[in-house]
Amino acid sequence: MKMLFHYNWQVREEWYRWCEGVSEEELLKKRTGGVGSILETLFHIIDTEWSWLRVLEGKDDFQEKFGKYSSLEKVRELDAKFHEEVEAFVNNWEDSMEDRELVSIGKDGTKYVDEWGEVMRHVIAHEIHHIGQLSIWSRELGREPVSADLLGRGLSKAE
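Notes on the structure follow. Small disclaimer: the values here were computed from a predicted structure and weren't measured.

Rules of the game
- Residues numbered from 1 in each chain as written.
- Predicted model: local features only at pLDDT ≥ 70, side-chain atom pairs only at ≥ 80, totals over all residues.
- Heavy atoms only, no water.
- Helix = DSSP H or I, 4+ residues; strand = E, 2+ residues; numbered from the N terminus.
- Rg over C-alpha atoms; globule rule 2.2 N^0.38 Å.
- Buried < 20%, exposed > 50% of the residue type's maximum accessible area, 1.4 Å probe, protein only.
- Contact = heavy atoms within 4.5 Å.
- Areas by Shrake-Rupley, 256 points an atom, 1.4 Å probe, with all protein chains shown as cover.
- Lys, Arg positive; Asp, Glu negative; His and termini not counted.
- Charge placed at Lys NZ, Arg CZ, Asp CG, Glu CD.
- Pairing = 2+ DSSP bridges.
- Polar contact = N/O pair within 3.5 Å; in protein donor to acceptor, adjacent residues only side chain to side chain.
- Phe/Tyr/Trp six-rings, centres within 6.5 Å; stacked < 30°, edge-to-face > 60°.
- Lys NZ or Arg CZ within 6 Å of the ring centre and 35° of its normal.

A tally of helices and strands in the protein yields five helices and two strands. In the protein, the succession of α and β elements from N to C terminus is α-α-α-α-β-β-α. Relative to the compact-globule value of 15 Å for 159 residues, the protein shows a C-alpha radius of gyration of 16 Å, a close match. Considering only C-alpha atoms, the protein reaches an extent of 45 × 40 × 25 Å along its principal axes. With 159 residues in all, the protein has 44% of them scored as buried. Residue pairs at least 24 apart in sequence account for 69% of intrachain contacts in the protein once pairs closer than 6 positions are excluded. Accessible surface, the protein as shown: approximately 8900 Å² in total, 49% of it carbon and sulfur. In the protein, 21 side chains carry a positive charge and 33 a negative one; their mean positions are 3 Å apart.

Okay, the pairing of strand S1 (residues 101–105) next. With five bridges connecting them, S1 and strand S2 (residues 111–115) associate as antiparallel partners. Among the inter-strand pairings, Ile-105 is bridged to a residue of S2, identified as Lys-111. Counting the residues between successive antiparallel strands, the hairpin from S1 to S2 contains five residues, one of them, Gly-109, with a positive phi of roughly 90°.

This part is about the side chain of His-126. Residue placement: His-126 occurs in helix H5 (residues 116–140). For His-126, a relative accessible area of 13% gives the class buried. There is a polar contact of 2.8 Å between the side chain of His-126 and the side chain of His-44. For His-126, the residues in contact, after removing those within four places along its chain, are His-44, Ile-45 and Thr-48.

So, about the packing of aromatic side chains. Under the defined criterion, the tally for this structure stands at seven aromatic pairs. Look at Phe-5 and Trp-9: their rings are 6.0 Å apart centre to centre, the planes differ by 50°, and that puts the pair in the tilted class. Of this pair, Phe-5 and Trp-9 both sit in helix H1 (residues 2–19), four residues apart, roughly one helical turn. We note that Phe-5, like Trp-9, is buried. Centre to centre, the rings of Phe-89 and Trp-116 are 6.2 Å apart; their planes meet at 45°, and the pair counts as tilted. You can see Phe-89 sitting in helix H4 (residues 72–91) and its partner Trp-116 sitting in helix H5, a full 27 residues away along the chain. By the burial criterion, Phe-89 is buried, and Trp-116 matches it. Members of the aromatic cluster, each reached through a chain of ring pairs, are Phe-43, Phe-66 and Tyr-69. Over the ring of Trp-116 we find Arg-100, and its NZ or CZ is 4.9 Å from the ring centre. Note that Arg-143 overlies the ring of Trp-18, its terminal NZ or CZ placed 4.6 Å from the centroid.

Written as structure tokens, this is what we have:
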């Protein structure tokens, strides 16, 4: 599981570099699918990752809106701010944490019980899903997307 977090972080950094070659207008343009624009999608990825891990730790959730972070530089700064805490949590993950329960109440009052391991895998899959959307949008812009290959990244040592 740690390998997949490291994979997501590598790919995300490559997307940031990809964004450096795209105009701010294109990065902020509303797109079909996803949460809106390319930058808003990157913001959503890092917000979701950090928020879920904070929930597992019993800490307050992030309540900021994208409007405060609507530039590549600001999104990267927010990511760097959150990353230290996220990476520490991921790197300190132990098998004993896998079956811990997270109890939450939905907006409709429904009680949900999820295992921490499921939540962690949800966070991984969530980013991979949105990276696929970025890949489609990059093709619409006539640009080569960032490689989604896991192989060749040297990540087996991250586990």
